[in-house]
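Here's the letter readout for the chains.
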Amino acid sequence: MKLATWNINSLNMRLVRVLDWLAASATDVLCLQETKLEDATFPRLEFEAAGYRCVFTGQRTYNGVAIIWRSDVGEATDVAAGLPDFADQAKRVVAATIAGVRAVCLYVPNGQSIESDKYRYKHDWCRATTAYLRREVAVHASLAVVGDFNIAPEPRDVHDPALWDGHVLFSEPERAVFRDWIGLGLVDSFRLFEQPPNTFSWWDYRMLAFPKNRGLRIDHVLLSRSLAARCTSCRIDRNARKGEKPSDHAPVVVELAP
DNA sequence: ATGGCTGCTTTGAGCAGA
């Protein structure tokens, strides 16, 4: 199974790009963040016509998450939207079990800046998610927690660690959250393999950040131990960041052996 | 170390993103 995560920064703007990428990459299950679409306007029929199924929870303008999978992979079960025990207007979580793999798709709050109320919200949201993931790990042996985490876990995940030190996305409390989630029994699939140095998943639209490769690795695929044992590759498809009207994020793709 | 893009908005300057 090929499983991927991608923040597409408006599915409305990038539906064709997503469909093209799905086909070209032969991805079986794709988790999307920042769809920015209410459920009533989600392009379900377009995905179905292309041979995929989908589950989604969204809102206009901000947030919105979805899971897209090839129809021939099977049905989804135990679909769940949102975090239990955390009242949140923002649509940031959707989960489903597909072909025996529990996929949890997260769009972690950005946090804006460490002085911001949004940073406090990010902290509270992440704490609620820790409790949620603890239960998911206990229930699902084959678990993949994927998405836009808005956290760069280590200095090597940041183009200029000294510049970013202490700033939102790379502050110590955020990195501690990432370690907490790893501590639940999850594995950062990207680090299972040798990777080219300076591999990132997000680049600012401004300041020629992408051509200069001034990016961050903030999109992640965490795998339970049994799925990590099946994982044969993890790569970030930076080609998907190129061309006309790209998202500012690139997809992260893992392959899982049967 | 700002803002520089981009998408979106009961539409056009302000916001949020990361």
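Heads up: these notes are all about the structure in this document. Bear in mind that the values here come from a model prediction, so they are computed numbers and not experimental data.

It is worth spelling out the protein's contact with DNA strand B at this point. Lining the immediate surroundings of DNA strand B are 23 residues, of which Ser10, Arg60, Asn110, Trp202 and Met207 lie closest. Counting only atoms of DNA strand B within 4 Å of the protein, the sugar-phosphate share comes to 60%. One of the side-chain nitrogen or oxygen atoms of lysine 118 is found 3.0 Å away from a phosphate oxygen of DNA strand B. A distance of 3.2 Å separates a base nitrogen of DNA strand B from a polar side-chain atom of arginine 206.

With that settled, the discussion passes to the sheet that holds strand β1 (residues 2–7). The six strands are arranged β3-β4-β2-β1-β14-β13 in an open sheet whose pairing can be described as mixed. If you trace the sheet from one side to the other, it starts and ends with β3 (52–57) and β13 (231–236), each paired once. Recorded for the sheet is a direction-independent mean angle of 15° between the axes of neighbouring strands. Two elements, β1 and strand β14 (residues 252–256), share four bridges in a ladder whose sense is antiparallel. Within the sheet, the bridge partner assigned to leucine 3 lies in β14 and is valine 254. The strands that helix α1 (residues 11–25) touches are β1, β2 (29–33), β3, β4 (65–70) and β14; relative to β1, the one it contacts most, it runs at about 160°.

Take the nonpolar core next. In globular proteins that are soluble, nonpolar side chains generally tend to be buried together. Core analysis: the largest hydrophobic core is formed by 33 residues, its most contacted members being Ile67, Ala144, Leu223 and Val254. Considering each element in turn, this core owes the most residues, four residues, to strand β7 (residues 101–107). Listed in part, the 22 residues of the second largest apolar core include Cys126, Ala128, Phe149 and Ile151.

Under the defined criterion, the tally for this structure stands at six aromatic pairs. For the ring pair tryptophan 6 and tryptophan 21, a centre distance of 5.2 Å and an interplane angle of 55° mean the geometry is tilted. Remark: tryptophan 21 occurs in helix α1 and tryptophan 6 occurs in strand β1; sequence separation between them is 15 residues. Comparing tryptophan 6 with tryptophan 21, the two get one shared label, buried. Between phenylalanine 42 and phenylalanine 56, the aromatic rings sit 4.0 Å apart at their centres with planes inclined by 10°, giving stacked as the arrangement. Of this pair, phenylalanine 42 sits in the loop between β2 and α2 (44–49) while phenylalanine 56 sits in strand β3, and the two are 14 residues apart along the sequence. Here phenylalanine 42 matches phenylalanine 56 in class, with each residue buried. Chaining the aromatic ring pairs together yields one cluster made of Phe42, Phe47 and Phe56.

Next up on the list: helix α3 (residues 117–139). Given 3.6 residues per helical turn, the α-helix brings residues three or four places apart onto the same face. End to end, α3 covers 33 Å across 23 residues, agreeing with the expected 33 Å (1.5 Å per residue, within 8%). Among the residues of α3, those classed as buried are Tyr119, Lys122, Trp125, Cys126, Ala128, Thr129, Thr130, Tyr132, Leu133 and Glu136. Where α3 starts, the residue carrying a side-chain oxygen 2.8 Å from the main-chain nitrogen of lysine 118 turns out to be serine 116.

Scoring rules and cut-offs
Residues numbered from 1 in each chain as written. Chains lettered and ligands numbered in written order. Predicted model: local features only at pLDDT ≥ 70, side-chain atom pairs only at ≥ 80, totals over all residues. Heavy atoms only, no water. Near = heavy atom within 4 Å. Polar contact = N/O pair within 3.5 Å; in protein donor to acceptor, adjacent residues only side chain to side chain. Pairing = 2+ DSSP bridges. Helix = DSSP H or I, 4+ residues; strand = E, 2+ residues; numbered from the N terminus. Axes fitted to C-alpha atoms, helices over the stretch in contact; angles between N-to-C directions. Contact = heavy atoms within 4.5 Å. Core = buried A, V, L, I, M, F, W, Y, C linked by side-chain atoms within 4.5 Å. Buried < 20%, exposed > 50% of the residue type's maximum accessible area, 1.4 Å probe, protein only. Phe/Tyr/Trp six-rings, centres within 6.5 Å; stacked < 30°, edge-to-face > 60°. Expected span 1.5 Å × (residues − 1).

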